[in-house]
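# Observations on the model geometry
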Amino acid sequence: MNNGFYDILVAKEYETKQNGTPEKKTAWNRVGRAWASKSGGSLSFELYMLPSQRYVIQLQNNETKTHE
């Protein structure tokens, strides 16, 4: 199923002890989502920084082509 956006995840590594033996684990947290514009010229990120606050960041491809 294609819903048009991608989840943004961050990983936090930590260590626990299982029967006295250290065991490394990773916790994955969803911190936002990203999607491409219909034209494909930009990428937008919606970040969930704090409860009830969301930030949207848009990156545009400003690459200019020069012909010599």
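Scroll up to find the structure this text is about.
The rules we used
- Residues numbered from 1 in each chain as written.
- Predicted model: local features only at pLDDT ≥ 70, side-chain atom pairs only at ≥ 80, totals over all residues.
- Heavy atoms only, no water.
- Helix = DSSP H or I, 4+ residues; strand = E, 2+ residues; numbered from the N terminus.
- Polar contact = N/O pair within 3.5 Å; in protein donor to acceptor, adjacent residues only side chain to side chain.
- Salt bridge = Lys/Arg side-chain N within 4 Å of Asp/Glu carboxyl O.
- Buried < 20%, exposed > 50% of the residue type's maximum accessible area, 1.4 Å probe, protein only.

With that out of the way, let us pick up the environment of serine 37. Secondary-structure assignment places serine 37 in the loop between strand S2 (21-36) and strand S3 (42-50). Here glycine 41 takes part through its backbone nitrogen, which lies 3.2 Å from a polar atom of the side chain of serine 37.

What follows concerns the pattern of salt bridges. By the definition in use, this model includes 2 salt bridges. In this structure, arginine 33 engages glutamate 46 in a salt bridge whose closest nitrogen and oxygen atoms are separated by 2.8 Å. Of this pair, arginine 33 sits in strand S2 while glutamate 46 sits in strand S3, placing them 13 residues apart in sequence. According to the relative accessible area criterion, arginine 33 is partly exposed, its value standing at 26%.

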